[in-house]
Amino acid sequence: MERPLFLPLFSTIIGLAIADLFLCFVPDSFPYIFLVASVPLLFVKLRFPFLVFLSLFFFSWGNLSLKPYLIHERSSDDLARFASDQKCTIEGVVDSRPIAAEKGSRIYLRAERIYGQKGDAAVTGRILLYVGEGRTEFFAGDRIRFVSRISEPRNFGLPGEFDYVRYLAYRGVYCTAYVPSGKDAVLIRRKADYRMQSAIDGIADRIGRFVSTNAPGEEGFILRALLLGDTGDISKETKEAFTRTGVNHILSISGFHVSVISLFVFYLLFMAVKRSVFLMLHANVRRLALVFTLPLIFFYLFLSGAAPATVRSVIMITAYIVALLLEREVDPINSLMLAAMVIIGCSPPALFDLSFQLSFLALWGIIVLTPRLIAPFHAMEGTMRHKLLVFMMVSVSATIATLPPVAYHFNRVTLTGLITNLFIVPLMGYGAVVIGFSALPLIFCCPPLAALFVKTAAFLVKISDDIIFRLAALPTVNFYNSGRFDILILLVLLTVITFVARRRPKFILCCGIAVLFVAVKLASLLSNENSDSLRITFFSVGQGESTLVRYPNGKTMLIDGGGSLREGGMDVGEKLLAPALRRMGVNGIDYVVLSHAHPDHLKGLRYIVENFTVGEFWESGFPSVSEDYKDIKRVLAEKNVPVRLINASTKPIRIGDGAIEPLSPDNGNAPTAPVVNEDENESSMVFRLKYGDFSVLFTGDIGFETEQKLLRHPELLTCTVLKTPHHGSRNSSSDAFVRAVSPEVALISAGYGNSFGLPSGRTLALLRSRGIKVYRTDMDGTIEVVRGRDGYKIAAFRADGHFH
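Only a predicted model underlies this, so the values are computations on that prediction, with no experimental measurement involved. (Residues numbered from 1 in each chain as written. Predicted model: local features only at pLDDT ≥ 70, side-chain atom pairs only at ≥ 80, totals over all residues. Heavy atoms only, no water.)

**Q** Tell me what's going on with the overall build of the protein chain, and back it up with residues and numbers.
**A** Within the protein chain, the secondary structure is distributed over 27 helices and 23 strands. Taken over C-alpha atoms, the radius of gyration comes to 30 Å for the protein chain, in line with the 28 Å a tight globule of 804 residues would show. Viewed in the frame of its principal axes, the protein chain has a C-alpha envelope of about 105 × 65 × 60 Å. The buried share of the protein chain, reckoned over its 804 residues, is 49%. With the model as given, the accessible surface of the protein chain reaches about 38,300 Å², and the carbon-plus-sulfur share is 61%. Seen as two clouds, the 83 positive and the 71 negative side-chain charges of the protein chain have centres 7 Å apart. (Helix = DSSP H or I, 4+ residues; strand = E, 2+ residues; numbered from the N terminus. Rg over C-alpha atoms; globule rule 2.2 N^0.38 Å. Buried < 20%, exposed > 50% of the residue type's maximum accessible area, 1.4 Å probe, protein only. Areas by Shrake-Rupley, 256 points an atom, 1.4 Å probe, with all protein chains shown as cover. Lys, Arg positive; Asp, Glu negative; His and termini not counted. Charge placed at Lys NZ, Arg CZ, Asp CG, Glu CD.)

**Q** Explain the sheet that holds strand β16 (residues 658-664) residue by residue, including any values.
**A** Strand order in this open sheet of seven strands is β15-β16-β17-β18-β19-β20-β21, and the pairing throughout is mixed. Of all strands in the sheet, those with a lone pairing partner are β15 (653-655) and β21 (773-776), marking the two edges. With direction set aside, neighbouring strand axes in the sheet form an average angle of 20 degrees. Summarising the sheet, strand β19 (residues 721-723) and strand β20 (residues 745-748) pair through three bridges and their orientation is parallel. (Pairing = 2+ DSSP bridges. Axes fitted to C-alpha atoms, helices over the stretch in contact; angles between N-to-C directions.)

**Q** If you had to explain the packing of helix α20 (residues 572-583) against helix α21 (residues 599-611) to someone new, which residues and values would you point to?
**A** Contact geometry for α20 and α21: axes closest at 8 Å, N-to-C directions at 50 degrees. Taken as axis vectors, α20 and α21 run oblique relative to one another. Both α20 and α21 take part in a crossing whose hand is right-handed. In contact with Gly573, Glu574, Leu577, Ala578, Leu581 and Arg582 of α20, α21 contributes Gly604, Tyr607, Ile608 and Asn611. Grouping the constituent residues of the contact of α20 with α21 by class yields five nonpolar, three polar and two charged. (Parallel < 35°, antiparallel > 145°, perpendicular 65-115°, else oblique. Left-handed = near helix turned anticlockwise from the far one by under 90°. Contact = heavy atoms within 4.5 Å. Nonpolar A, V, L, I, M, F, W, Y, C, P; charged D, E, K, R; others polar.)

**Q** Which residues make up the environment of Ile18, and what values go with them?
**A** Inspection of the secondary structure assignment puts Ile18 in helix α1 (residues 6-22). Sequence-wise, Ile18 and Gly62 are 44 residues apart; in three dimensions their C-alpha atoms are separated by 9.4 Å. Ignoring sequence-local partners within four residues, the contact set of Ile18 consists of Leu23, Cys24, Phe59 and Asn63.

**Q** Give me helix α22 (residues 627-638): which residues, what numbers.
**A** Because an α-helix packs 3.6 residues into every turn, residues spaced three or four apart end up facing the same way. For α22, spanning twelve residues, the distance from its first C-alpha to its last is 16 Å, which sits close to the expected 16 Å at 1.5 Å a residue. Within α22, the full set of buried residues consists of Asp628, Tyr629, Asp631, Ile632, Val635 and Leu636. Taken down its axis, α22 places every buried residue within 160 degrees of arc, on the same side. Exposed side chains of α22 directed beyond 90 degrees from the buried face belong to Ala637 and Glu638. Where α22 is buried, its residues touch α21, β13 (613-619) and β14 (643-645). Regarding α22, its N-cap is Ser626, as a side-chain oxygen of that residue lies 3.2 Å from the backbone nitrogen of Asp628 further along. A positive backbone phi angle near 55 degrees is found at Asn640, which sits one or two residues after α22. (Expected span 1.5 Å × (residues − 1). Arc of directions from axis to C-beta. Polar contact = N/O pair within 3.5 Å; in protein donor to acceptor, adjacent residues only side chain to side chain.)

**Q** Could you give an account of the nonpolar core, naming the residues involved and the relevant values?
**A** Formed by 55 residues in total, the largest nonpolar core has its most connected members in Ile222, Leu223, Leu226, Phe242, Leu303, Met428 and Leu440. A per-element tally of this core places helix α16 (residues 417-445) first, with ten residues. For Leu223, the contacting residues outside a window of four places in its chain are Val211, Ala432, Val454, Ala457, Ala458 and Val461. (Core = buried A, V, L, I, M, F, W, Y, C linked by side-chain atoms within 4.5 Å.)

**Q** Give a description of the packing of aromatic side chains that names residues and reports values.
**A** Taken as a whole, this structure holds 18 aromatic pairs when the rule is applied. Pairing Tyr591 with Trp618 gives two aromatic rings, centres 5.3 Å apart and planes at 55 degrees, and the pair type is tilted. In this pair, Tyr591 sits in strand β12 (residues 588-593) while Trp618 sits in strand β13, placing the two residues 27 residues apart along the sequence. The two residues Tyr591 and Trp618 agree in class, both being buried. (Phe/Tyr/Trp six-rings, centres within 6.5 Å; stacked < 30°, edge-to-face > 60°.)

**Q** How would you summarise the sheet that holds β12 if you had to cite specific residues and measurements?
**A** Strands sit in the order β14-β13-β12-β11-β10-β9-β22-β23 across an open sheet of eight strands; the sheet is mixed. The open sheet has two edge strands, β14 and β23 (791-796), and neither has a second partner. Mean inter-strand twist for the sheet, computed between neighbouring axes without regard to direction, equals 20 degrees. As defined by bridge partners, strand β22 (residues 783-788) adjoins β23 across six bridges and the pair is classed as antiparallel. For Val786, the partnering residue across the bridge sits in β23 and is Lys793. Against the sheet, α22 touches β13 and β14, its axis set at about 130 degrees to β13.

What follows is the structure, given as C-alpha cells:
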C-alpha cells in the first residue's frame, strides 16, 4: 500500500472523536474480538475483509482508550474524594516541570498523603496546584507539601467556553488546589523521584537564569520561550501583539524550531567529522553526522518540555534519518502519519490538544497545498523571486490549513500574519533561534562567549518586537466565525486532496465539498436574518453579571461585562465574554450598558469596548474612582463612541418593536464627587425592557433603599422576568418589591461556591414562596430567554454546546 498508515490512523481518530463528542463507548471486548478475527484473514486472497476487521480493531481501541479519562472510576483512596470547603495538608511529588504563568505558576503533582482533622491517610491521584503569585523553585521529582482546600474543577457554562474540566481530565487531573504564593508550598525533599527529568529541569533552569541575566526584560523572556518553551514571564501585551499579528506560533517550540535546529546541528557535526581523515576514509561521514544528530535532538526535546509539536517534529526527523540510513525513500505524508500514530498510541488524549492539532494541520497544509499553489509559477524556478514566492506560499498554506480551528478556538483570525511571517521567521526562526541555541553549550564551558551570543539573539528579538508591535497597531477585522462543521469540511477537503490519486474524481469531490460548505453557510445566514424572536442571554461569568439582548431586527445590547472582584484576577471579558459573543455570531454591539461601576459588572467591558465595534455606551452618569472605569472612558473617547446618560428622567427608548423604560437613578443630577461601595450599588441603572406583552426588569445591584423609591410607581415594575437585584443578596428583594414586580421567573447571577454566600437563603425562600420559578447561573450555567410568536421559553446551556 502506498499509504499503509492511513486506515489505522483514520479509524483510530474516528473512534477517539466519537468517544470525545458523544461519550459513547463500544464493549470492552471488541478490540480483542476484531484483532483475533483479523488474523486468519491474513491468509485469504481478498484484502477487503482483513482491512475491515483491522479498521474495526483500531476504531474500537481508539474509542476505549479515552474511557478511563472520561469515565473516571474513583478508588477509595482517590484524592478527589477529599474535595471539600475544609483546608487540609497535601503532600505529593511534582511529576512534570512547573508551568510559569504571568504572575504565578501551575504545578502538577502525584499526590501521596493527606493530613486533615481526622488524621492522615495515603492517597492516589494527580492534582493541579495553582500558585497565585511568584515563581517556585521546584523541579520534577521534588516532594512538596502545602495547605489548601481540594476543589473539583468546574466549567462556567458558556457558549464558546474552553472546556477546562475535559482539559484536566485528559491529563489525569480531577481535583485542584490553590495557594496565594510560592512560599506557601514547602519543599520536603529534592529529587524524590523522576531523577533524570529533575536533572534536565535543573539544566533548563540554569540556562533560563543565564538568558535572563544577559538579556533582561521582554527580549530575554521571549528568548527563553524560543529556546526553552518558557512563556510564563512574557507580558500579556506582548502575547496579545503576537496573536493580533498571527505569529504567536513563534513563541512555542514548534516543528519549525526543531527542524532549523536539527539542520544546524547536522551541519556542525558534518563539518566537525570532515576534519578527521580517518573517518573520511573509513566511514560515511554524512550518515555518521545524522546518527549523532539524533541524541542531541532527543535531549533538546526534554530540555524544552516535550510539547506535542516538538514530539511530532522529533518523530518525523527520526523517521527521516532512519530512512536515509536504510537508503529508503521518505514520503512526508507517511512520516506525518507515523508521528501521529506514535503520539496518539502513547497518549490518546493528545489528539484533542490544540497545539497537536494546529501543528499537524499546519504541516499537512504545507506538504499538500504548497506544491499546488506554487505550480503555476514553475517557469520562475531557480530565481530569487521563486524562492521568495515559495516562502510566502508556505505561510499561505499553513494559514489556510489552520484557519477554521484557529477561528473556532481563538474566536478571531488575522491575515496580518502573511506579512509578519516574512520578517519574523527569518529574524527569530533562522536568526535568534540558531544563535541562541549555539549559546546553550557555551553557557557551561565559555560563559563570556555565550553571553555575546545571547545578547545578539536578544537584539534580533528586539527588532522583531518592534515590527510586531507596529503591525499589531493596525486595525483587525473579524471576518470569519468558525464552527465544528467548518473544521470537518477542512479535514475532508485535505483528505481528498491528499489521498484521492486520480485528478477528475478529486476535482469533482472538491467542488462538491465547496458547494456543500457554501450552501450550509448561506442557510445558516438566512436563518439568522429571518429570526423573529427576542433573545436575552444571561451569561454565567462567575461572581459577576453580564447579559446580552438580541433583537429581531439584528440590534444587540450588552448589559454589564462581569469581572473579577480581586485585583489581578482573570480577565472575564477576554477569557469568557468575548469567546461567547463570537461563538454566537456577535462581532459588534449596538448598545453597551453599564449599570454601575463595581468591578463585577465593569471589568469585563474593557476588553469588549477595545476589541468590538460599539455603537453607543450607556451609563447613569455617576462618577467613579475606578481605574478600569477611567480606562473604558478613555477607549470610548479614542474610538469616538457616543456616551449617553440614562436615568429616571430619560424618556423610553425605542429599539425595533421593543422599548427600554429607564426607572432609576432618580434624576440626572449626578453627584460631582464619586460614590463608593454600597452607595454605588444604589446608583445602579434600573430599567424595564418591554417587547409586546413580555418584559424584563433589570435591577443592577440595588438594595432596599432604591427599591423603596421604585415602589412609588409600582405600575412600572411589573414584569415577566426579574433580574434579581444584587445577585440575590439578603439586603435586596424586599417582600414589598417582589410583590409589586410579580414576575413569573427570577434570574440570579452568582458565582459557584462564592465566598459571599450568594444568593441568600432568605431571597430564595421568598421567591419560591410566591411561586416564582428561579434560575441561577451558578447552578444552571448560562440562561437564555427566547420570546417568540408562541410566548417565551427558557433554556440552560449545557456542556454539549447547546441550550436545553
